[in-house]
2 protein chains.
Amino acid sequence: MGRVTIKDVAKQAGVSLGAVSQALSPNPNSTIKVGDATVMKVRKAADKLGFRPHAGAKSVRSNKFHNVGFFVAKKGVLDRPPEGYLMGVSDAAQKRGYRIVLVGMENGQGQYQNVVPSLLREKNLDALVVASHHHLSAVIHDELENMNLPVVYVNDKHESNSAWVDDYNGARMMTDYLIERGASSVVFAMRLHSDNQKIEDMHYSAEMRIDGYKAAMQAAGLEADIRTVVMGETLEFNQRIPDDWLFGGGKELPDAIFAYDDDLANSIAKIMYRKNIRIPEDIAIAGYNGAYASLCAWRPLTTMRIPSYEMGYAALELALKIIEDSGRKECPSIKFRPELVIGESTR
Amino acid sequence: MGRVTIKDVAKQAGVSLGAVSQALSPNPNSTIKVGDATVMKVRKAADKLGFRPHAGAKSVRSNKFHNVGFFVAKKGVLDRPPEGYLMGVSDAAQKRGYRIVLVGMENGQGQYQNVVPSLLREKNLDALVVASHHHLSAVIHDELENMNLPVVYVNDKHESNSAWVDDYNGARMMTDYLIERGASSVVFAMRLHSDNQKIEDMHYSAEMRIDGYKAAMQAAGLEADIRTVVMGETLEFNQRIPDDWLFGGGKELPDAIFAYDDDLANSIAKIMYRKNIRIPEDIAIAGYNGAYASLCAWRPLTTMRIPSYEMGYAALELALKIIEDSGRKECPSIKFRPELVIGESTR
DNA sequence: CTGTTAGCGCTTTCAT
DNA sequence: ATGAAAGCGCTAACAG
């Protein structure tokens, strides 16, 4: 039993080839119109024969794939939140009859080698959603421009074609909250990937979060206190931060620590716990991102939840808008608002 | 500037069409052989023109897609661990030049409507990896059989073509550990999706974990105590379990609770915390799965870690074995061992 | 609506 | 190695 083709269906249904094509995947611009009766007849025949259209063959003529790539500009991404982006992208795609194709970063020996992964070397996608957690996305951006492939960004801020979060206000709200709850010394903690990494080279959210934090501190008449630690590119759950990073050696314990993200917040909280400093009684700790891990833990973290599912969903819809209006190249970016989720790591 | 095809490359390189085809994607069985010099020349021309082969066109002749589907037989999966399966699958695929295509469950109004999602109705995949967390996979199994699509299971136990975990020994080890650490009353807690759900209708791991737990209790001369609670299909992080489920109304607080999975363990721990029962001083709580959330939390959970990345990786390799040995239909299933990860929810 | 035909981009065969 | 040509499954254009 070879493969069942449209030809077999036509024979079985007793109609023409073109009729089958139109019955199964109608095109309003087609010169050939099929009636409901024919459609039914064709469907029945197709079902009986177990016909499944060959996606590749379709794409050859139409040059449409109904595939959208999901590119993660980060190593080892899928093992950690927020994977809500992917879920949103996937649901939106499925609803519109598109498939999501995973495109991973290629990396050898901890270095990004081929910036454009080999999977993109084949023509197989109608568009690409880039989920950025990394300054690297800037490099990719240029490389992709030449490929004539519409690109949409999720969790990255660009002039157009992106879904991003208003982290300035997010950080401001979090800092305000900590101050309101009684903190007068609030440290903003973040990690760097290397000794001399500049804020400008980091993800856009770094600058926004710092600015939001500073603004809130200034408005309250408090002094901003930003502390950084140099760590590897990813923060493994067993990777330790030096115990004396935040205090010790003369430094005082602040009332609250606002960490750049939940990973860092959890790591800091672990240090405190080891030192028998009680959370939230002795110190308040807040994170950012609203990672699943922070929310469902038996001792949930106070965090700013990013609407990652909605952002992924919106990003895919942006991508489809561009694909389907074949003239248009750009759509305005969409701003999302984060939401304060109060856990048990603050009072 | 239309699309750059193999024809343009041939012209640019000054060689024949067939030569380009062979130079760029060599086939040992081809009658036409190209030398290294030609290959170089062709590659250079292709690079210069920005040539990207059309995946669809390739697939028409060869009937190979270099796509493997990843099917999640569960609603809203990608938002929660263990997503390590997907990462393993994705890495293994990338290494071998395959793409991962996400195939979601279609569900309307909380009911599974079309068991085989529409994305599978097109011929587009060489194989499918089914990640099962659900008895539903049995239904899918039958439906897929007719499709002539090799199917491999991850986190499900079948005679062949599956990567599964030895949960019997996992549960046994966990129970032994709890007993060793001083517990004499250990409750095994699990949830049911409906009032009259039978263990046999659940995921294979339910029975294995129960049996492992029972065996350990019996070996220690203790009485098994299994308690179930009826909940929705998914356990949201804000979904509450009745506070009096495990104790109250005459029931005594056990020394330890071994929960079917980390989600449930976290929920139980939250109840305890609300009731001012100290963990681990007053009661020990253990989970299962080794979800990222459990491991990276600032108060990590004691859990059995499933090697989900490795399982996903292995499952994909099984799939490729079947794809590439076009004769073979089955490979022996692979058993994985879970690993005890001691957190701070037990002594 | 039908039947026929061209053609998408690529692989493969055939004769040279 | 070449150039020519067939064919994969499908869509789309053509005249009826």
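The name an unreviewed UniProt entry gives chain A is Ribose operon repressor, with Pontiella desulfatans as the organism.

**Student:** Hey, could you run me through the protein's contact with DNA strand D in this one?
**Tutor:** Neighbouring residues of DNA strand D: 25 residues in total, closest Ile6(A), Ser21(A), Val34(B), Gly35(B) and Arg61(B). Of all atoms in DNA strand D that approach within 4 Å of the protein, 69% are sugar or phosphate atoms. Contacts to DNA strand D include Arg61(A), whose side-chain N or O atom sits 3.3 Å from a base oxygen. At 3.0 Å from a base nitrogen of DNA strand D is found a side-chain nitrogen or oxygen belonging to Arg61(B). Residue assignment for the surface near DNA strand D shows that the elements contributing at least two residues are helix 2 (17-24) and helix 4 (55-62) of chain A together with helix 4 (55-62) of chain B.

**Student:** So what exactly am I meant to see when it comes to the relation of the copies chain B and chain A here?
**Tutor:** To go from the first copy of the chain to the second, apply a rotation about an axis and then a shift along the same axis. The operation relating chain B to chain A is a screw motion whose rotation component is 180 degrees, with 0.0 Å of axial translation and a residual RMSD of 0.1 Å. On the angle and the small slide along the axis, the relation comes out as a two-fold axis. Looking at chain B, 98% of its interface residues are interface residues in chain A too, so the copies touch through the same face.

**Student:** I'm lost on the protein's contact with DNA strand C in this one. Help?
**Tutor:** Taken together, the neighbourhood of DNA strand C is formed by 27 residues, with Gly35(A), Thr38(A), Arg61(A), Ile6(B) and Ser21(B) sitting nearest. In DNA strand C, atoms within 4 Å of the protein come from the sugar-phosphate backbone in 68% of cases. One nitrogen or oxygen atom from the side chain of Ser25(B) is found 2.9 Å from a phosphate oxygen belonging to DNA strand C. His54(B) places a polar main-chain atom, nitrogen or oxygen, 3.2 Å from a phosphate oxygen of DNA strand C. Taken together, the elements giving at least two residues each to the surface near DNA strand C come down to helix 4 of chain A together with helix 2 (17-24) and helix 4 of chain B. Tallying contributions element by element places helix 4 of chain B first for the surface near DNA strand C, with four residues. Along the lines of polarity and charge, the residues of the surface near DNA strand C split into 11 nonpolar, 11 polar and five charged.

**Student:** In this structure, what is going on with the sheet that holds strand 11 (residues 284-286) of chain B? I would like to understand it.
**Tutor:** By definition, the strands of a sheet pair up through backbone hydrogen bonds, in either a parallel or an antiparallel sense. All names here are of chain B. Taken in spatial order, the four strands make up an open sheet running 9-8-10-11, and their pairing is parallel. The sheet is open, and its two borders are formed by strand 9 (225-230) and strand 11, each paired with just one other strand. Averaged over all neighbouring strand pairs, the angle between strand axes comes to 25 degrees, with direction disregarded. Two elements, strand 8 (residues 186-192) and strand 9, share six bridges in a ladder whose sense is parallel. Paired with Leu192 across the bridge in strand 9 is Val230. Strands in contact with helix 7 (residues 167-180) are strand 8, strand 10 (256-259) and strand 11; relative to strand 10, the strand with the most contacts, it is inclined by about 165 degrees.

**Student:** Please clarify how helix 3 (residues 36-49) of chain A should be interpreted in this entry.
**Tutor:** In an α-helix, one turn spans 3.6 residues; hence positions three or four apart end up facing the same way. Residues and elements named next belong to chain A. Compared with an ideal rise of 1.5 Å per residue, which puts 14 residues at 20 Å, helix 3 spans 20 Å between its outermost C-alpha atoms and is within 8% of the ideal. Where helix 3 is concerned, the buried positions are Val39, Val42, Ala45 and Ala46. The buried residues of helix 3 occupy an angular sector of 130 degrees when projected down its axis, which confines them to one face. Across helix 3 from its buried face, at more than 90 degrees, point the exposed residues Asp36, Ala37, Met40, Lys44, Asp47 and Lys48.

**Student:** What exactly am I supposed to notice about the sheet that holds strand 9 (residues 225-230) of chain A here?
**Tutor:** Residues and elements named next belong to chain A. The strand order across the open sheet formed by four strands is 9-8-10-11, and the pairing between neighbours is parallel. Looking at the sheet topology across the chains shown, the edges are occupied by strand 9 and strand 11 (284-286). Neighbour-to-neighbour, the strand axes of this sheet turn through a mean angle of 25 degrees, independent of strand direction. Here helix 7 (residues 167-180) sits on the sheet and contacts strand 8 (186-192), strand 10 (256-259) and strand 11; the angle it forms with strand 10, its principal contact strand, is near 165 degrees. Docked against the sheet, helix 8 (residues 204-219) engages strand 8, strand 9 and strand 10, running at close to 165 degrees with respect to strand 8.

**Student:** Got a minute to help me understand the confidence of the model for chain A in this structure?
**Tutor:** As a general rule, the predicted coordinates of low-pLDDT regions are not to be interpreted in detail. All names here are of chain A. Mean pLDDT over chain A: 86, with 88% of residues reaching 70 or higher. Between residues 76-82, whose pLDDT stays under 50, and residues either more than four places distant or in other chains, the model counts 23 contacts. With pLDDT under 50 throughout, residues 108-113 is counted as low confidence; its partners more than four residues away or in other chains account for 12 contacts.

**Student:** How should I be thinking about the UniProt feature "domain: HTH lacI-type" (unreviewed entry) in chain A in this particular structure?
**Tutor:** As recorded in UniProt, the feature "domain: HTH lacI-type" (unreviewed entry) lies at residues 4-62 of chain A. Each end of residues 4-62 of chain A is marked by a C-alpha atom, and these two atoms are 21 Å apart; helix forms 64% of the span and strand 0%.

**Student:** What is the right way to read the packing of aromatic side chains from this model?
**Tutor:** What describes a pair of aromatic rings is the distance from one ring centre to the other and the angle between the planes of the rings. All told, the structure shown has 10 aromatic pairs over all chains when counted by the stated rule. On the basis of an interplanar angle of 85 degrees and a centroid distance of 6.3 Å, the ring pair of Trp164(A) and Tyr204(A) is categorised as edge-to-face. In this pair, Trp164(A) is assigned in strand 7 (residues 162-165) and Tyr204(A) in helix 8, connecting sequence segments 40 residues apart. Of the two residues examined, Trp164(A) and Tyr204(A), each falls in the buried class. Ring geometry for Tyr309(B) and Tyr313(B): centres 6.1 Å apart, planes at 40 degrees, overall tilted. Taken together, the positions of Tyr309(B) and Tyr313(B), both in helix 11 (residues 308-324) and four residues apart, correspond to about one turn of that helix. Residue Tyr309(B) is classed as partly exposed on the basis of its relative accessible area, which comes to 26%. We classify Tyr313(B) as buried; its relative accessible area is 18%. Each member of the aromatic cluster is reached from another via a ring pair, and the members are Phe188(A), Tyr213(A), Phe258(A) and Tyr288(A). Against the face of Trp164(A) rests Lys157(A), its NZ or CZ located 4.9 Å from the ring centre.

Rules of the game
Residues numbered from 1 in each chain as written. Chains lettered and ligands numbered in written order. Predicted model: local features only at pLDDT ≥ 70, side-chain atom pairs only at ≥ 80, totals over all residues. Heavy atoms only, no water. Near = heavy atom within 4 Å. Polar contact = N/O pair within 3.5 Å; in protein donor to acceptor, adjacent residues only side chain to side chain. Helix = DSSP H or I, 4+ residues; strand = E, 2+ residues; numbered from the N terminus. Least-squares fit on C-alpha atoms with pLDDT ≥ 70 in both. Contact = heavy atoms within 4.5 Å. Nonpolar A, V, L, I, M, F, W, Y, C, P; charged D, E, K, R; others polar. Pairing = 2+ DSSP bridges. Axes fitted to C-alpha atoms, helices over the stretch in contact; angles between N-to-C directions. Expected span 1.5 Å × (residues − 1). Buried < 20%, exposed > 50% of the residue type's maximum accessible area, 1.4 Å probe, protein only. Arc of directions from axis to C-beta. pLDDT = per-residue confidence, 0-100. UniProt positions renumbered as here; feature names shortened; annotations may be inferred. Phe/Tyr/Trp six-rings, centres within 6.5 Å; stacked < 30°, edge-to-face > 60°. Lys NZ or Arg CZ within 6 Å of the ring centre and 35° of its normal.

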